[in-house]
Amino acid sequence: MAEFKKAPKEYKYTREHEWICTDGEKMGRIGISDYAQFHLGDVVFLDLPSPGTQVIQFSKMGEIESVKAVSDLFAPVSGRVLEINQTAIDHSAIVNQDPYGDGWLVRLELSNPDELDKLMDNDDYDKFVAVSSENA
Amino acid sequence: MNHYLLPDISEPGKTGCSLPALDVAPAESLPKELLREEFELPEVSEVEIVRYFTALSSLNYGVDSGFYPLGSCTMKYNPKWHEDVAGLPGFALVHPLQPVESVQGALQLMFELQDYLSEINGMDSTSLVPMAGAQGEFACLLMVKAFHQDRGDKNRNKIVIPDSSHGTNPASAVMCGFEVVTVPSDKEGNIDFNMLEAVMNEEVAALTLTMPNTLGLFDPQITEISQLVHERGALLGADGANLNALLGNVKYGDLGYDYVQLNLHKTFSTPHGGGGPGAGPVCVKTHLTDFLPSPLVTKDNGEYVFISPANSTGKLCDFYGNFGVMVKAYAYLRFLGAEGLKEVSNNAVLNANYIKEKLKKYYHLPYDRKCMHEVVFSGKSQMAKGVHTLDIAKRLMDFGFHPPTVYFPLNVQEAIMIEPTETESKETLDAYIQAMIDIAREAEENPEILHTSPHNTPVRRLDSVKAARQPELNWSMYMSSKKRETGTKETEL
């Protein structure tokens, strides 16, 4: 089995392999996990929601196209998009190289921080990935 | 590789033929503003042009060059004499605007083909009109919509599909204004029946269920699925891309399907590499007959005529569809007959199972059960050594084989989908199996050779990210990027 980078402790995760890292009370950065980038393969295009867009938890907020397929990107929490990562749009390889860091995708303002409780913490996510890899 | 174009070898005065001297007065020249001076035709000798195009043609790999495990999904072997039949003047030279009295033979062929396709699929009527598979799917969903609206059931705006579906299934549904609901597969690779039951409400217009599914598996719950779908007031439709597995043995109508969309170019012998032409007839049960795309061919007082069904969803193309493709399908069916057709699917299924049994020791087989016309492995055992399915596919080219479909279906990690089809001999299958076994061993012992493959092809590993982001679409784009990369002057290339 392939080895994945350990999910960072301070992040929260979805079953669709997005992560969110809150900075301060109501701001958060969103990206995809190492497991996600590995299985997508080389990312080619990102279609991200423009700043100002309201996104809803677990609803589609964009698309990621890799050399293999186009996949939906889901919002881990509800909120308003503040910024998208232009570097990732221009140099999509960064999403593969540094999915938990410089390869982040969207920064948003959370409309309901309580929604974070519906997400997995790093230990649960690592277990979830281990089970997904077994079953796939 | 043939790194030149004709202008590169052009020299003034070189020629492939000599024209006689002009023995009439030259025609008056075109107005000056219409003349282009920069338009230069290359001047080359006959042997140079023959070598140029022969070299180009030798860069191809197709089903005529060797084993091509993309199978009927892309293109199986198509007997050559069907081309001769389609080229007969009575078929090739008819004009779509000719009076029908003068093309009775062509109409008879269409009439009988409609009949054969209905019979093969256990359906009641067929429209040959749709120009290819995706348009056939579109036609089916237009009929689904019209069917529900016609009986006053106006809130059915969802199409249910399994997660193993072909990409066109959700795309066609969205094109038709439906919302798509995806149902996951269960541990056996079938549609998850409990999940299906949960989503089948009064908003669902139809379930699109490819049979066998894209994992090459026949869903044994099909009778229960059909019952459930109909109890909930929806229709059951088949994407017929995998009909090659069923021909002559199983009919969609008998399984409870209301409609099916076919691909004559996949199943019924039409070469279509390079994008066409195809033909995507749709076959339906009686309750959908009135909605079929127009026109159909019928027999009236001994004459073949075109008619339009009462509530037809309309015309989908000019005239009558791709007639040449219909001729080849007709020739194929008449040549094989009912018994021959059964042998096609029997051999297609046998060949896939042979490969499955021989390779399952070497590659992970996610669903270890009898398959139909195709078998889906996963490259995940090889991932421990950092080898991906893509590397395995590329390495196969060094062994002289076309790679199989990879990374599809999407619900299998690192999928490798092999569809050998009915025409391959045991010797060919064995050679391919041996290559796959050798590659599995290389993945263990020398993964680097896979990462850097292919080694023996005209072009080496392509950069798929660059191909998507900065495609080089013509020769001059290729040359200037080459120049940027190497820093060389154009004259040195």
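Residues numbered from 1 in each chain as written. Chains lettered and ligands numbered in written order. Predicted model: local features only at pLDDT ≥ 70, side-chain atom pairs only at ≥ 80, totals over all residues.

1. Focus: the sheet that holds strand β8 (residues 79-84) of chain A
Residues and elements named next belong to chain A. Short version of the rule: By definition, two strands form a pair when at least two bridges between them are found by DSSP. By the criteria applied, helices consist of DSSP H or I runs no shorter than four residues and strands consist of E runs no shorter than two, each listed in order from the N terminus.
Spatial strand order, β1-β2-β3-β9-β8-β5: 6 strands in an open sheet with antiparallel pairing. Both edges of this open sheet fall to β1 (12-13) and β5 (54-55), since each of them pairs with a single strand only. When β5 meets β8, the two strands line up antiparallel, connected through 2 bridges. Its bridge partner lying in β8, V55 is registered against G79.

2. Quick notes on the interface of chain B and chain A
Operational definition: With C-beta atoms placed from the backbone, a contact is any residue pair whose C-beta atoms sit within 7 Å. Amino acid classes used here: Ala, Val, Leu, Ile, Met, Phe, Trp, Tyr, Cys and Pro are nonpolar; Asp, Glu, Lys and Arg are charged; the rest, including Gly, are polar.
Counting residues at the interface gives 9 residues for chain B, matched by 10 residues for chain A. Its residues assigned to classes, the side of chain B that touches chain A shows 6 nonpolar, 2 polar and 1 charged.

3. Observations regarding the packing of helix α5 (residues 133-150) of chain B against helix α6 (residues 168-175) of chain B
For any two helices packed against each other, one specifies the crossing angle of their axes together with the interaxial distance. All names here are of chain B. Basically, it comes down to this: Fitted lines through C-alpha atoms give the axes, limited to the stretch in contact for helices. The angle between two N-to-C directions lies from 0 to 180 degrees. Here the angle decides the label: under 35 degrees means roughly parallel, over 145 means roughly antiparallel, 65 to 115 means roughly perpendicular, and every other value means oblique. Here a crossing is called left-handed whenever its near helix is offset anticlockwise from the far helix by less than a right angle, and right-handed whenever the offset is clockwise.
At a closest axis distance of 9 Å, the pairing of α5 and α6 adopts a crossing angle of 50 degrees. In terms of their interaxial angle, α5 and α6 are classed as oblique. Along this stretch, α5 crosses α6, giving a crossing that reads as right-handed. Here G133, A134, E137, F138 and L141 of α5 lie close against α6, whose contacting residues are T168, N169, S172, A173 and M175. Counted by class, the contact of α5 with α6 contains 5 nonpolar, 4 polar and 1 charged residues.

4. Observations regarding α5 of chain B
Residue and element names in this part refer to chain B. Just so we agree on the cut-off: By this rule the span expected of a helix is its residue count minus one, scaled by 1.5 Å. To assign burial, the other C-beta atoms lying within 10 Å of each residue's own C-beta are counted, with C-beta atoms placed from the backbone; 20 or more indicates buried, 12 or fewer indicates exposed, and intermediate counts indicate partly exposed.
If you check α5, its first and last C-alpha atoms are 25 Å apart, about what 18 residues at 1.5 Å a residue would give, namely 26 Å. Across the 18 residues that make up α5, a large majority, 14, are buried. With its phi angle positive at about 80 degrees, G152 sits one or two positions after the end of α5.

5. Some details on the environment of L292 of chain B
Residues and elements named next belong to chain B. Along the chain, L292 turns up in the loop between α11 (286-289) and β8 (296-300). Separated by 10 residues in sequence, L292 and G302 have C-alpha atoms that sit 23 Å apart. Setting aside its immediate chain neighbours within four residues, L292 contacts S125, S127, V282, V284, P309 and S312.

6. Things to note about the pairing of strand β7 (residues 70-74) of chain A
All names here are of chain A. Here 5 bridges tie strand β6 (residues 60-66) to β7, and the two strands are oriented antiparallel to one another. Paired with I64 across the bridge in β7 is S71. The turn joining β6 and β7, which pair antiparallel and follow one another in sequence, is formed by 3 residues.

7. A closer look at the domain arrangement of chain B
Cut-off, in case you're wondering: Domain start and stop positions are those given by an automatic or database domain assignment.
Its domain assignment divides chain B into domain 1 (6-57) and domain 2 (81-336). Relative to domain 2 of chain B, the C-alpha centre of domain 1 of chain B lies at a distance of 49 Å.

8. Quick word on the sheet that holds strand β12 (residues 415-418) of chain B
Pairing is antiparallel across the open sheet formed by 3 strands, whose spatial order is β10-β12-β11 (chain B). Each edge of the sheet is formed by a strand with only one pairing partner; in this case those strands are β10 (375-378) and β11 (405-406) of chain B.

9. A few points about the packing of helix α4 (residues 104-121) of chain B against helix α12 (residues 323-359) of chain B
Residue and element names in this part refer to chain B. Put simply, α4 and α12 touch, their axes get as near as 10 Å, and they point 60 degrees apart. As far as their axial angle goes, α12 and α4 are oblique. Both α4 and α12 take part in a crossing whose hand is left-handed. Two secondary-structure elements touch here, α4 through A106, L109, M110, E112, L113 and Y116 and α12 through F323, M326, V327, A329, Y330 and L333.

10. Quick word on the nonpolar core
Selection criterion: To form a nonpolar core, buried Ala, Val, Leu, Ile, Met, Phe, Trp, Tyr and Cys residues must be joined through C-beta atoms within 7 Å.
Counting residues in each nonpolar core, the largest one holds 111 residues, and the members touching the most others are M143, Y259, M326 and A329 of chain B. Not counting residues up to four positions away in its chain, the partners in contact with M143 of chain B are Y259, V284, L288, F291 and T313 of chain B. Within the second largest apolar cluster, 31 residues are counted, among which are V43, L73, Y125 and V129 of chain A.

11. Examining helix α8 (residues 222-231) of chain B
All names here are of chain B. What counts is decided by this rule: Regarding the arc, it is the one traced by the directions from the helix axis to the C-beta atoms.
Taken together, the buried positions of α8 are I222, I225 and V229. Projected onto a plane normal to the axis of α8, the buried residues spread over an arc of 55 degrees and lie on a single side. Opposite its buried face, α8 presents the exposed residues T223 and E231, each directed more than 90 degrees away. Where α8 is buried, its residues touch α7 (193-199), β4 (204-208), β5 (235-239) and α9 (252-255). One or two residues past the end of α8 sits G233, with phi positive at roughly 85 degrees.

12. Digging into the environment of P277 of chain B
Residue and element names in this part refer to chain B. Secondary-structure assignment places P277 in the loop between α10 (264-267) and β7 (282-284). Through-space distance from the C-alpha of P277 to that of N322 is 7.2 Å; in sequence the pair is 45 residues apart. Those residues in contact with P277 that lie beyond four places of it in its chain are H272, N322 and V325.

13. Things to note about the pairing of β12 of chain B
All names here are of chain B. The alternating pattern of β12 places A415 and M417 on one face and I416 and I418 on the opposite face, and all of these are buried. Inspection of the sheet shows β10 paired to β12 by 4 bridges, in the antiparallel sense. Residue S378 lies in a different strand from β12, and its bridge partner there is A415. In the sheet, β11 pairs with β12 via 2 bridges, with the strands oriented antiparallel. Looking across to β12, one finds that V406 is bridged to I416.

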